[in-house]
Amino acid sequence: MSSELIIAWIYASPLSTAIRDLSWVVPTIQSVHIVAIAVIFGAAVISDLRLAGVLAADEPMAGVVRRYFPWMRAALIVLLLTGLVMVIGEPDRVLVNTTFWLKMFLVVAVFTLAWSIRRPLLRPAAQAQGADQKLPIKALAWLSIALWCVVIFCGRWIAY
Amino acid sequence: MDIQSILQALEDTSLAAYIRESGSFFPNLESVHVIGIALVFGTIAVVDLRLLGIASHRRSALRLIQELLPYTWVAFAACVVTGLLMFTSNATTYAQNSVFWWKMGLLLLAGLNMGFFHLGAYRRIEEWDTTLPPPGQARVAGFCSLALWACVIGLGRWIGFV
């Protein structure tokens with residue numbers, strides 16, 4: 001089955017038609033998507049700034065990371081679900097869009113990066129000790145903030 | 001000079017024309033606007049949730065507010081600058097968009113809510129700085145702030161659909 005057939009099949013499905021026909025669905029879903037972006041970006045930036053030693057340096061790293069990581073995970077799920085609704089509504093526009101696929105690649109990359117630098121701190125046993133000494137945590141925390149910004153840029157550029 | 005001709009003059013500036021015609025300038029403005037929104041709402045939500053009694057990364061509400069609010073303000077300034085530039089590019093059209101004015105109205109309410117909080121519960125913050133849950137007045141301010149900012153985001157997205 002070729003990609004055009006898949007796109008045509010999604011487009012013709014009742015769900016896709018409903019998303020396009022109900023005029024309130026897309027703006028509502030996009031609003032929820034932006035609120036979830038704010039949650040994931042806010043939680044990521046605050047904990048990345050802690051990892052970089054800029055914010056709340058007097059609070060233990062593990063405590064800050066543990067406080068915000070569940071919010072990042074929950075927001076990611078909301079983002080994937082609302083994003084999926086937008087893809088189903090306009091598969092002919094989104095699935096052939098290079099920026100969309102770049103964004104998807106970057107989302108996987110940045111969330112994997114964010115998870116990798118937090119993982120040693122999320123382990124119950126590692127509570128007392130600091131971050132993984134093998135990784136350049138500060139540099140990776142800044143890189144992760146920068147990548148989230150690129151993801152947001154890609155998201156907006158999909159529409160153009 | 002009436003409002004309409006001021007808006008028209010704004011739209012006729014070379015800056016406005018450049019934003020409209022450059023192709024990449026407007027989406028880049030929107031992207032920075034979204035990054036700003038994410039940081040404004042992301043940081044303010046942490047403070048609001050703390051006001052509602054949900055623990056944050058530090059116990060002291062005052063220190064949490066002092067620590068996060070500078071980021072909120074810088075991000076808000078970025079939103080205002082990018083927002084004004086987007087408005088300039090199509091001033092007369094935005095001025096006719098009722099959703100745009102609803103958004104501005106709710107922004108004003110969010111500002112007033114913050115003002116009331118600063119004149120009220122915030123002045124006695126040392127009494128409840130490390131208390132969970134905080135007093136009712138602080139919880140109301142936190143709830144109103146969360147609701148108002150979420151609506152601001154929703155209305156902002158809606159501007160493009162009317």
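The model shown is predicted, which means the values in this text are computed figures rather than measured ones.

Visitor: Mind showing me how you'd approach the confidence of the model for chain B here?
Guide: Regions with low pLDDT carry predicted coordinates that are not meant to be interpreted in detail. Mean pLDDT over chain B: 95, with 99% of residues reaching 70 or higher. Model confidence for the complex is summarised by a pTM of 0.94, with the ipTM given as 0.94.

Visitor: Just to check I follow, could you spell out the packing of helix α2 (residues 14-21) of chain B against helix α4 (residues 61-89) of chain B for this structure?
Guide: When two helices pack together, you describe them by how their axes are tilted relative to each other and by the distance separating the axes. Residue and element names in this part refer to chain B. Between α2 and α4, the shortest axis-to-axis distance is 8 Å and the interhelical angle comes to 90°. Taken together, the axis directions place α2 and α4 in an arrangement best described as roughly perpendicular. For the pair formed by α2 and α4, the contact residues are Leu15, Ala16, Ile19 and Arg20 on the first element and Leu85, Thr88 and Ser89 on the second. Here the contact of α2 with α4 is built from residues that sort into four nonpolar, two polar and one charged.

Visitor: Any chance you could explain helix α3 (residues 25-52) of chain B here in plain terms?
Guide: Within an α-helix, residues lying three or four positions from one another point in the same direction, as the helix has 3.6 residues per turn. Taking 1.5 Å per residue as the helical rise, α3 of chain B with its 28 residues ought to reach 40 Å, and the 40 Å between its terminal C-alpha atoms agrees with that figure. Immediately downstream of α3 of chain B, the backbone of Gly53 of chain B shows phi near 105°, a positive value.

Visitor: How do you make sense of unusual backbone geometry when you look at a structure like this?
Guide: Trans is the common state for peptide bonds, and a negative phi is the common state for residues other than glycine. Residue Pro133 of chain B is reached from Leu132 of chain B by a cis peptide bond, and omega for that bond is -5°. Following the sequence through the fold, Pro133 of chain B ends up in the loop between α7 (125-128) and α8 (136-159). Non-glycine residue Ala56 of chain A carries a positive phi angle of around 50°. Turning to its location among the elements, Ala56 of chain A is positioned in the loop between α3 (25-51) and α4 (61-89).

Rules used throughout
- Residues numbered from 1 in each chain as written.
- Chains lettered and ligands numbered in written order.
- Predicted model: local features only at pLDDT ≥ 70, side-chain atom pairs only at ≥ 80, totals over all residues.
- pLDDT = per-residue confidence, 0-100.
- Axes fitted to C-alpha atoms, helices over the stretch in contact; angles between N-to-C directions.
- Helix = DSSP H or I, 4+ residues; strand = E, 2+ residues; numbered from the N terminus.
- Parallel < 35°, antiparallel > 145°, perpendicular 65-115°, else oblique.
- Contact = placed C-beta atoms within 7 Å.
- Nonpolar A, V, L, I, M, F, W, Y, C, P; charged D, E, K, R; others polar.
- Expected span 1.5 Å × (residues − 1).

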